[in-house]
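# Observations on the three-dimensional arrangement
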Amino acid sequence: MTAPIPAAPAAPATPATSASPAPESGRTVTVAVVQAAAPLFDTRAALTRAEELIREAVTERGAEVVVLPEAFLGGYPKGLDFGITVGSRTPAGRELFRRYHAAAVDVPGPEVDTLAALTRELGCHAVVGAVERQGGTLYCVALFLGPDGYLGLHRKLVPTAAERYLWGQGDGSTLPVVDTGTARLGAAICWENYMPLLRTAMYAKGVDLWCAPTVDDRDAWQATLRHIALEGRCFVLGASQYLRRDALPADLRPVQGDEPDTVLIGGGSVIVSPLGEILAGPLRDGEGILTAVFDLDDLARARFDFDPVGHYARPDVFTLHVDESARATVNTV
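Structure report, in brief. (Residues numbered from 1 in each chain as written. Predicted model: local features only at pLDDT ≥ 70, side-chain atom pairs only at ≥ 80, totals over all residues. Heavy atoms only, no water.)

## Observations concerning the overall build of the protein
Heads up, the condition is: Per the convention used, a helix needs a DSSP run of H or I reaching at least four residues, while a strand needs a run of E reaching at least two, with both numbered from the N terminus. The globule rule used for comparison is 2.2 Å times the number of residues to the exponent 0.38, while the radius of gyration itself is calculated over C-alpha atoms. Categorising residues by exposure relies on relative accessible area from a 1.4 Å probe, with only protein chains included: less than 20% of the type maximum marks a residue as buried, more than 50% marks it as exposed, and the intermediate range marks it as partly exposed. Only the protein chains shown count as cover for residues, with accessible areas throughout obtained via the Shrake-Rupley method and a probe of 1.4 Å. Positive charge is attributed to Lys and Arg, negative charge to Asp and Glu, and no charge count is given to His or to the chain ends. Note on charges: their place is set at NZ of Lys, CZ of Arg, CG of Asp or CD of Glu.
Looking only at helices and strands, one finds 6 helices and 13 strands in the protein. Against the globule reference of 20 Å for 333 residues, the protein gives a C-alpha radius of gyration of 19 Å, in line with a compact fold. The principal-axis extents of the C-alpha atoms in the protein amount to approximately 60 × 50 × 35 Å. Evaluated residue by residue, the protein yields a buried proportion of 53% over its 333 residues. Here the protein has roughly 14,700 Å² of accessible surface; of this, 53% comes from carbon and sulfur atoms. Averaging the positions of the 29 positive and the 41 negative side-chain charges in the protein gives two centres separated by 5 Å.

Put into structure tokens, the structure is as follows:
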């Protein structure tokens, strides 16, 4: 295999889902998409929950690849404003950011080591959404892990709207595609999936399993993921959080309301075929795990009549330059 060129409230029961029957060719991979939320500002509990969900997906559902939602480790503070108005910050907002910064994970670090040990033990691959801490800056990332442990990460290139108060921007140096030995994994986080040039760059790297950790729960998001499956002729694994008010610490006041059962992020996780067919989901109204068995020969069948960076491309008319160099503020020699 090659790698890149709060105590939580009781979780609802995880619904079982039926995997599609294995194809006759035998070139298959079983995947799982997890829809859940970890407790905010409690990294230990979040890590424990991630371990439990990955283990369940592998040992009880037979998954070889598991995808967890955006910001699962570190948390997605939906509905919090951090005391920000244009030209102004508050002491309370600064203290809230301190708590958020403290809940993020270091890469490398103990949380990543724990997940790496788990995927080595289980012999699986996992893509896990996290908030990475580097100095005073946080990044929204997707961690890649496998039977060989930690394989690399992708940093979200453009945080969306108010996320820019919290997260820095990634650069071109973290656009990995990981070869599992049977298929190639890549990831785009939430609204990065709307970036056509990013998609094109990832298609050129030969992505077979497109992982989309997110917190976008809109019905319209389903069209986006189905479009990517059709455009990239790849399988798409969309993992969203399902988050209620009672998963947040009691002292917080999300704008959506303070009733315990108020839904802050409504799920919508889904698995899509390379021809845009929904294989599992969308999952609504609670936590759960979706599974599917992919016939990898479907990749060739789908690319027969469309390959966006191959026989359906026009390099004489269009070209794309991708800068994958790391961008450091200070360079020492």
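Still more to cover.
## Description of the sheet that holds strand β3 (residues 125–134)
Just so we agree on the cut-off: The criterion for strand pairing is that DSSP finds at least two bridges linking the strands in question. Think of each axis as a best-fit line through the C-alpha atoms, taken over the contacting stretch in the case of a helix, with angles from 0 to 180 degrees between the N-to-C directions. Residue contacts are counted whenever heavy atoms from the two residues lie within 4.5 Å of one another.
The mixed open sheet is built from 6 strands, whose spatial order is β5-β4-β3-β2-β1-β13. Two strands bound the open sheet, and with one partner strand each, they are β5 (149–155) and β13 (288–295). Mean inter-strand twist for the sheet, computed between neighbouring axes without regard to direction, equals 30°. Here 9 bridges tie β3 to strand β4 (residues 137–146), and the two strands are oriented antiparallel to one another. Paired with R133 across the strands is L138, a residue of β4. Across the sheet, helix α2 (residues 91–103) touches β3 and β4, and the angle it forms with β3 is around 135°.

## Quick notes on the pattern of salt bridges
Formally: One side-chain nitrogen of Lys or Arg within 4 Å of one carboxyl oxygen of Asp or Glu is enough to make a salt bridge.
One pass over the full model with this rule turns up 25 salt bridges. Note that R49 is salt-bridged to E52, the shortest N-O span being 3.9 Å. A residue pair is termed a helical-turn pair when its members lie 3 or 4 positions apart in one helix, as R49 and E52 do in helix α1 (residues 43–59) at 3 residues. According to the relative accessible area criterion, E52 is partly exposed, its value standing at 44%. K205 is the salt-bridge partner of E324, the closest N and O atoms lying 3.2 Å from each other. Remark: K205 occurs in the loop between α4 (196–204) and β8 (209–214) and E324 occurs in the segment after α6 (297–303); sequence separation between them is 119 residues.

Keep in mind these values describe shape, not function.
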